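# Examination of the molecular architecture
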Amino acid sequence: MYDETLNLAEVPAAPVARPRVLIVATAFAAVAALMYFAGLIGIYLTQRAAEIAQGRVWLPESVDIPLTQANMLFGTLLLSVILIHWASQAARNDDRPHLYLALGLTLLMGFAFINQSFYLLSLTEMDLAAGRFELLVYTIAISHMIMLMAAMLYLVVVAFRALGGQETSVHHDGVKSAALLWDAMVLVYGLIWISIYVMK
Amino acid sequence: MAMTETSAPAETAPDAADTHEVGGLAGMLGSGDHKVLGRIWITCALVFGLMGFTLVGITALGQVPDASFPSANAAFRISTLGRVSMLLLFILPLFIGLATYVVPLQVGARTIAFPRAAGAALWTWLLASAVMLGSFLAGGGFRAEDQRLVDLSLVAFGAVVASLLLATICIMTTVVALRTQGMSLDRVPFFSWSMLVAGAVWLMQLGVAMANLALIYVDHHFAGAATPFGRAEAQFPQLSWVISQPAVFALAIPALGITSDIVVGLGRSRQPQRGVLLAGIGLFGAVSFGAWAQPGFIRDLPENAFFVGASVAVGLPLFLVLGGWIAALVRGKPKVAGPLALGLVSGLLLMGAALASALYVMKPLDLYGEPTTAAVGALTGAVWGQDAWQVGLAGLVVVAAALGAFAGLAWWGPKITGHVVGDGPAKLVVLTGGLGALLIAVPYFVIGFSNSSEVSGSTLKTLSYATDAGAVLVLVSILLIGFALLKSLSGPAAANDPWGGGQTLEWATASPPAQGNFGELALVESAEPLLDGAEEV
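Now for a description of the structure that goes with this document. The residue count restarts for each chain, going from 1 along the sequence in the order it is written. Key to labels: chains lettered from A, ligands numbered from 1, both in the order written. Residue-level local features of this predicted model are given only where pLDDT is at least 70; pairs of side-chain atoms are given and counted only at 80 or more, and the full residue set underlies all totals for whole chains, interfaces and linings. With hydrogens and water set aside, each side-chain value is computed from the structure's full complement of heavy atoms.

## Quick word on the environment of B:Val397
Residues and elements named next belong to chain B. Helix and strand assignments follow DSSP, with helices taken as H or I runs no shorter than four residues and strands as E runs no shorter than two, numbered in order from the N terminus. As for its placement among the helices and strands, Val397 is situated in helix α14 (residues 388-417). With 40 residues separating them along the chain, Val397 and Ala437 place their C-alpha atoms 8.5 Å apart. Note on contacts: a residue pair is in contact if any heavy atoms of the two residues lie within 4.5 Å. Beyond its immediate sequence surroundings of up to four residues, Val397 is in contact with Val248, Phe249, Ala252, Leu350 and Ala353.

## Let's talk about the packing of helix α12 (residues 338-360) of chain B against helix α15 (residues 424-449) of chain B
Residues and elements named next belong to chain B. Angles shown run from 0 to 180 degrees and are taken between the N-to-C directions of axes, each axis being a line fitted to C-alpha atoms and, for helices, limited to the stretch in contact. Direction vectors running N to C along α12 and α15 enclose 10 degrees, while the axes themselves pass 9 Å from each other. Taken as axis vectors, α12 and α15 run roughly parallel relative to one another. Counted together, Gly338, Ala341, Leu342, Val345, Leu349, Ala356 and Leu359 of α12 and Ala426, Lys427, Val429, Val430, Gly434, Ala437, Leu438, Phe445 and Phe449 of α15 form the full contact between these two elements. Note that Gly is not counted as nonpolar here; it falls among the polar residues with everything else outside the nonpolar set of Ala, Val, Leu, Ile, Met, Phe, Trp, Tyr, Cys and Pro and the charged set of Asp, Glu, Lys and Arg. Across the contact of α12 with α15, the residue classes tally to 13 nonpolar, two polar and one charged. Any angle that is under 35 degrees is reported as roughly parallel, and any over 145 degrees as roughly antiparallel; angles of 65 to 115 degrees are reported as roughly perpendicular and all others as oblique.

## Overview of the interface of chain A and chain B
Chain A puts 27 residues into the contact, and the matching count from chain B is 32 residues. The junction of chain A with chain B conceals about 2400 Å² of combined surface from both sides, 82% of it contributed by carbon and sulfur atoms. Note on definitions: salt bridges are taken to be side-chain nitrogens of Lys or Arg within 4 Å of carboxyl oxygens of Asp or Glu. One can count zero salt bridges joining chain A with chain B. Contacts described as polar in this section are N or O atom pairs within 3.5 Å, which, within protein, must combine one atom able to donate a hydrogen with one able to accept it, while residues neighboring in sequence count only if both atoms come from side chains. In this structure, the connection of chain A to chain B is made through zero residue pairs in polar contact (both at pLDDT 80 or more). For the side of chain A that touches chain B, the secondary-structure elements that each account for two or more residues are α1 (21-53) and α4 (132-163) of chain A. Counting residues per element, the side of chain A that touches chain B draws most heavily on α1(A), which supplies 15 residues. Of the residues assigned to the side of chain A that touches chain B, the class counts are 19 nonpolar, five polar and three charged. Summed over both partners, buried area is the accessible surface (1.4 Å probe) that two parts give up on being assembled.

## Observations concerning the nonpolar core
To form a nonpolar core, buried Ala, Val, Leu, Ile, Met, Phe, Trp, Tyr and Cys residues must be joined to one another through side-chain atoms within 4.5 Å. Buried residues are those whose accessible area, probed at 1.4 Å on protein chains only, stays under 20% of the maximum for their type, while exposed residues exceed 50% and partly exposed ones sit between those limits. Counting residues in hydrophobic clusters, the biggest one holds 170 residues, and the most contacted among them are B:Phe53, B:Leu88, B:Phe406 and B:Leu409. Ignoring sequence-local partners within four residues, the contact set of B:Leu409 consists of B:Ile42, B:Leu46, B:Leu94, B:Leu98, B:Ile416, B:Ile481 and B:Leu485.

## A look at the environment of B:Gly141
All names here are of chain B. Tracing the sequence through the fold places Gly141 in the loop between α4 (115-137) and α5 (147-177). Gly141 sits 65 residues away from Phe76 along the chain, and the two C-alpha atoms are 9.1 Å apart. In this view, Gly141 contacts Ser135, Phe136, Leu149, Val150 and Ser153; residues no more than four positions away in its chain are not counted.

## Side note on the pattern of salt bridges
Under the counting rule described, the total for this entry stands at nine salt bridges over all chains. As a salt-bridge pair, A:Arg56 and A:Glu51 come within 3.1 Å of each other at their nearest N and O atoms. Taking relative accessible area as the criterion, A:Arg56 reaches 45% and is therefore assigned partly exposed. You can call A:Glu51 buried: its relative accessible area is 9%. The salt bridge involving B:Asp532 is made with B:Arg270; its shortest N-O contact spans 2.7 Å. A residue pair is termed long-range when its members are at least 10 positions apart, and B:Asp532 in helix α17 (residues 529-536) and B:Arg270 in the loop between α8 (253-267) and α9 (274-287) qualify at 262 residues. If you follow the salt bridges from partner to partner, you end up with A:Glu51, A:Arg56 and A:Arg132 in one network.

## Quick notes on α12(B)
Look at α12(B): 33 Å from first C-alpha to last across 23 residues, which is about the 33 Å you get at 1.5 Å a residue. Of all 23 residues in α12(B), 18 are buried; the element is thus mostly enclosed. What a helix should span is 1.5 Å times the count of its residues minus one.

## Some remarks on the side chain of B:Asn212
In this structure, B:Asn212 sits in helix α6 (residues 190-222). With residues up to four places along the chain from it excluded, the contact list for B:Asn212 reads A:Ile43, B:Gln238, B:Leu239, B:Trp241, B:Gln294 and B:Phe297.

## Observations concerning helix α7 (residues 232-239) of chain B
By the criterion of burial, α7(B) is predominantly enclosed, with six of the eight residues buried. What α7(B) keeps buried is the set B:Ala234, B:Gln235, B:Phe236, B:Pro237, B:Gln238 and B:Leu239.

The following block contains the structure:
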């Protein structure tokens, strides 16, 4: 009912819209993670350039890095980006069924990526201790998988929060921050895909 | 409208009645209160600082030609531990501790962002630091012979870096997301601004340092040091960029913010051209980003155009900041108190370091040389991966940053301890710290200038003793600051604003603030909210 005693001039101003703490903190964490991979990929490219400049071969002859599987991996992650943003949109619309479906499918893509990654690494038949190329590829690939697992774990936590009714159209920072971290993880893989699997 | 109807005494603080406080050790261990966490960070950092400068002194003494160390490896391990301690156990934690305490107060927040994460960062750092120190002292560390201890040192090193990253994220998030109403980013106090800038640079640099560490560890542990990454002699040089120019300057960014706050606080007037000062601190941060300048991977780095540019440019933002300070000092004519003198000396030492950075890349001077030559050995032989000039420059920046942090401790001491802190020890630290910085750095610069091999044994001995004396003076400075804070506990209680010129929100609440920090805060309408209130009265 309309309250006739209410004087609109006395209504306090709406609070200033601030970036939410969870999203801000996730963005900072994502920057640190991006710089970690920038450091690794930077060292990879520096070592590669130095070898090639000296007329030597960077990719060992005994190693075969197939591109087909790497393309599939990247495609999987690109699809997962659509799915995580579908989850974010569903949370914004209070669309619970679609939120759970999108979160579940995103997690499924994550598991599929891990499975394919191990298959790809087994195809290359690389020995970790064989040289700098192998060491760098393993370190970068495993580090990325750890980042993916961290993002998946975060997604599971968000899924439980959603099941508990804490991710709503009013407050869905959890899903948005999980999407941010997921995007950063996919961006990292994009850099890995170009520098290791395409450029080799 | 006056800025505050605030000054939260314990009984009126909104959160106080709702909070079930646990006292004693359990309360401290489980606390997410930023004030408790900040005090522990600061105390531990000062203790580790004492240890670090002792190691710097021992290393210099051990390198005197007629003195002896158990072995070259022992000298190297102790030397690198001293340098790592300066960075990860002293300077960064000291600034993080100060920021954990002060930043939420400055931005009008009731708590730090993610208090439990901030607590987890503190205890992880403390535990990992203890493990790292233990592993070094038990025979681990860079170039050690016991491979398991090397692995343990590397893991602990990584955990220390990760915990510092987490603490930094909590502080930055507080500045970005927990500011009180009306406090736009350009109205944030200088120290909080400098922590935001420093945090951004630290996040990026420490992220890259983690990448270096990961490569070293994977090679050393899983591949048996099959590649150059994990080999004993190559481990430290891969990380030495963190304490070399331009990256080392990132350590000192918060010192600029602290001094800026002190200058305007004691001057009791608004900072003229405030934006220029903010831009100066921001530019200094941008130029000091040096994760790309890794001598372990880039040959002839001092001849790299970007490196030359960054090395010369790092001093330019300092002129902006110094100009801002002079403008505020001229307008305010403040009395010379200990914190102000400490902050200004810190700034001057940074200017000196910036000059040294520019000289380093001037080719005719030939200041950079082979990093591992025996000729440099007398003073830097234990520091393969850095030449003498860089060791001196790092020492200068570290002590400059430390003096800036000490200025902050003296300035916000009443807020931290709740008592009036005597000004005498801080003024004494100006002498001991300033002289200590010069004595630590100048011998290395002399060796750099004299092309190492031309320095005679007796000269080296004298220079080594000078470095020792510098380390002792810095030790005395740490003790003096610690003594001043401890002694204040038996002194009179501090008022909300014991300096009488506070402009920012931390001076509007009790010393120390009660749970929840503030009562009801009014809308902030300028960068100096307390001056707004005073002017309206």
